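Examining the three-dimensional arrangement
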Amino acid sequence: MATLSLRDVRKSFNATPVLHGIDLEVADGELVVIVGASGCGKSTLLRIVAGLETPTSGQVVINNRDVTGLEPADRDIAMVFQNYALYPHMTVFGNMAYGLKIRGLPRAEIEKRVKDAAEILGIGALLERRPKQLSGGQRQRVAMGRAIVREPALFLFDEPLSNLDAKLRVQMRAEIRRLQRRLGVTSLFVTHDQVEAMTLGDRLVVMNAGRPAQVAPPMEIFSRPADTYVAGFIGSPAMNFIPATLEEGGAAARLAKGTVIRFADGPRPGPAGMPLTLGLRPEHVVPGDGPDSVPLSVELIEPLGSETVVHGRGPGGLAITARLPGAFSGAALPVRLPAGHLHVFDAGTGRRLDP
Amino acid sequence: MQKKVIFRGRLLPIALLAPQLAVTFVFFFWPAGQAIYQSLLREDAFGLSREFVGLENFQEVLSDPTWLNAALNTVVFSGCVAALALGLALFLAVQADKSLRGATVYRSLLIWPYAVAPAVAAVLWLFLFQPEVGMIGRGLRAVGIPWDYRLNGTHAMVLVVIAAVWKQLAYNFIFFLAGLQSIPASVLEAAAIDGARPARRFWTIIFPLLSPTTFFLLVVNLTYAFFETFGIIHALTNGGPAKATETLIYKVYVDGVENLNLGQSAAQSVILMIIVIALTAIQFRAVEKKVHY
């Protein structure tokens, strides 16, 4: 159906640069999620693809056709907005048929397409209602319906689930994924929610301050984050960061208290004494006493039912969060930091250091 | 989310309502009652004698060709004023809604005419359109149009319409601009993505979403054209030439104040009142049926 390429897309508002050169290739039928904190430029990027904003420089190419200078109408895209942006004065049918009428499709064809889409989304009984008479989840479906009847080359989603309550969000998330697979439409999905990003995306673009910090499939982002920003952003509770220095030969790291941890997967390049940031996910923190264990004083216990999140403080005020199976109670918790799960980052640049 | 306030005793709520009720009574119910009462009487010009004549005044008014002429003038005048004032104001508001350089200056300048008194507005247009000294009046004559609103009834009507429209434009503009700004940008963006060009977006999205504003303004503008344009007509044409710009409200004034025919003048007022109440009722019924949101 369609591919999308972004080539060095830059955007400044007046003198303030918000996007610093984005390159991205989206394959046919792929769902790419752009995720980042608010203000990172992810929505601006989506709006540039939609043609609602003009990039300061760079190219947007859909299906090998440069659409940078084209109106949204000429790009063959459909977009689902955060507030749904339904036409309040039209019925559900009118909302979904609007784009088709503009294209001048015959009436029978319009009715068939709208009926089919409504059937897929389970809103067949609502076609004569107005948006005002619908619940949030139903409006969301109508917005999706309006996008799919057009049979566009590209779907754009601008945080479409943020206005739904938690339960509905999980349900719609799965539905969007199913629908996108079924229709096979190339999609770009913007969200600030890492769970949405991880569960929906074939690939993620983690944005940080107008730059793509990492572009990779979800599990790779999780298991091999490219820098400390990505490592801290993806995963809940967030990854623990422990300051350390590199030992002579690069085969081990020395913590502030003198504990030395040998890297399990080989030496890192760099001079002795180079400052490092070691990353360890809370679920990899292992409780247990031993010669090189870190004693934690427990500050907060969050029981989640099947597991317990323990926030503690080690020597020197080092904050460490552990995710333990089952229940936990107590004021002290000695933990070990297993070398096999350590992520090693350069403390100066924040970049990942691989052996 | 209505909060009910419950007062103890009756004095306080009555005291709080009294000023509003007093104003409504003194400035509406009393004069309206007087008008209805007067419309049933025949009184001599000096107010020395009066007799009860029932609906005779109404019969005479409704069969009077000069009243019918005034009614026709009112229809033409109000229709032109409402259509032009709404159309132009909508056009200007759409322009001002775009992100323009100096948009705030442009907007405040457009709001100014509303602060100008009707008579002053009339004099202003008089200066412009006066055939011998007015800039536009002389200009029209220079290009071969024998412009003279003092002799030509159509010219006079055009002039009072222009002045009345100009005066009302600012008010309509403010409401249209507010209405435009309350349309969510994402709805228009969605329409753009759906393939609608600007003109189509205007007629299929913006205009229908503005319809509550438009209907409200239509009521206000017709009421304005019916009643509040008296000052403009009085200062510009005095209803002339040959009653060409005499509207119903102006005729009420002429018959009541100048000709001292109080009974017929009052009957005309009552008819006018009924017309406006009916118009408003019809429009509100239409608003409920046709206006979405």
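Residues numbered from 1 in each chain as written. Chains lettered and ligands numbered in written order. Predicted model: local features only at pLDDT ≥ 70, side-chain atom pairs only at ≥ 80, totals over all residues.

Here the focus is the sheet that holds strand S2 (residues 16-26) of chain A. Residues and elements named next belong to chain A. Sheet architecture is open: four strands sit in the order S2-S1-S4-S5, paired in antiparallel fashion. Edge positions in the sheet fall to S2 and strand S5 (65-66), since each has one partner strand and no second. Taken together, the five bridges between strand S1 (residues 4-13) and strand S4 (residues 57-62) define a ladder with antiparallel strand orientation. Residue pairing for S4: arginine 10 is matched across the bridge by serine 57. (Pairing = 2+ DSSP bridges. Helix = DSSP H or I, 4+ residues; strand = E, 2+ residues; numbered from the N terminus.)

Attention now goes to the UniProt feature "transmembrane region" (unreviewed entry) in chain B. Residues and elements named next belong to chain B. Per the UniProt record, "transmembrane region" (unreviewed entry) is annotated on residues 12-32, 70-93, 105-128, 156-180, 201-227 and 266-287. End C-alpha atoms of residues 70-93 are separated by 33 Å, and the span's content is 100% helix alongside 0% strand. Helix makes up 100% of residues 201-227 and strand makes up 0%, while its end C-alpha atoms are separated by 36 Å. (UniProt positions renumbered as here; feature names shortened; annotations may be inferred.)

Before going further, it helps to spend a moment on the pairing of S2 of chain A. Residue and element names in this part refer to chain A. By the bridge criterion, eight bridges tie S1 to S2 in an arrangement that is antiparallel. Each residue of the ladder has a partner; that of lysine 11, found in S2, is leucine 19. Adjacent in sequence and paired antiparallel, S1 and S2 are bridged by two residues, among which asparagine 14 carries a positive phi angle near 55 degrees.

Under the local residue numbering, the UniProt record ascribes the feature "domain: ABC transporter" (unreviewed entry) to residues 4-234 of chain A. For residues 4-234 of chain A, the helix share is 37%, the strand share is 26%, and the end-to-end C-alpha distance is 25 Å.

All names here are of chain A. That bond from serine 236 to proline 237 is cis: its omega, -5 degrees, falls within 30 degrees of zero. For alanine 85, which is not a glycine, the phi torsion comes out positive at approximately 50 degrees. Checked against the element boundaries, alanine 85 lands in the loop between strand S6 (77-80) and helix H2 (92-102). By the C-beta count within 10 Å, which is 24 here, alanine 85 ends up buried. For glutamate 159, which is not glycine, the phi torsion reads 45 degrees and is therefore positive. Considering the arrangement of structural elements, one finds glutamate 159 in the loop between strand S7 (154-158) and helix H5 (166-183). (Buried ≥ 20, exposed ≤ 12 C-beta atoms within 10 Å, placed from the backbone.)

Relative placement of two packed helices is described by the angle separating their axes and the distance separating the axes. Residues and elements named next belong to chain B. The N-to-C vectors of helix H3 (residues 65-97) and helix H9 (residues 198-228) enclose an angle of 140 degrees; their axes lie 9 Å apart at closest approach. Classified by the interaxial angle, the pair formed by H3 and H9 is oblique. Handedness of the crossing formed by H3 with H9: right-handed. The residues of H9 that touch H3, namely those facing Thr74, Phe77, Ser78, Val81, Ala82, Ala85 and Leu86, are Thr214, Leu217, Leu218, Asn221, Leu222, Ala225 and Phe226. Class assignment for the residues of the contact of H3 with H9 results in ten nonpolar, four polar and no charged. (Axes fitted to C-alpha atoms, helices over the stretch in contact; angles between N-to-C directions. Parallel < 35°, antiparallel > 145°, perpendicular 65-115°, else oblique. Left-handed = near helix turned anticlockwise from the far one by under 90°. Contact = placed C-beta atoms within 7 Å. Nonpolar A, V, L, I, M, F, W, Y, C, P; charged D, E, K, R; others polar.)

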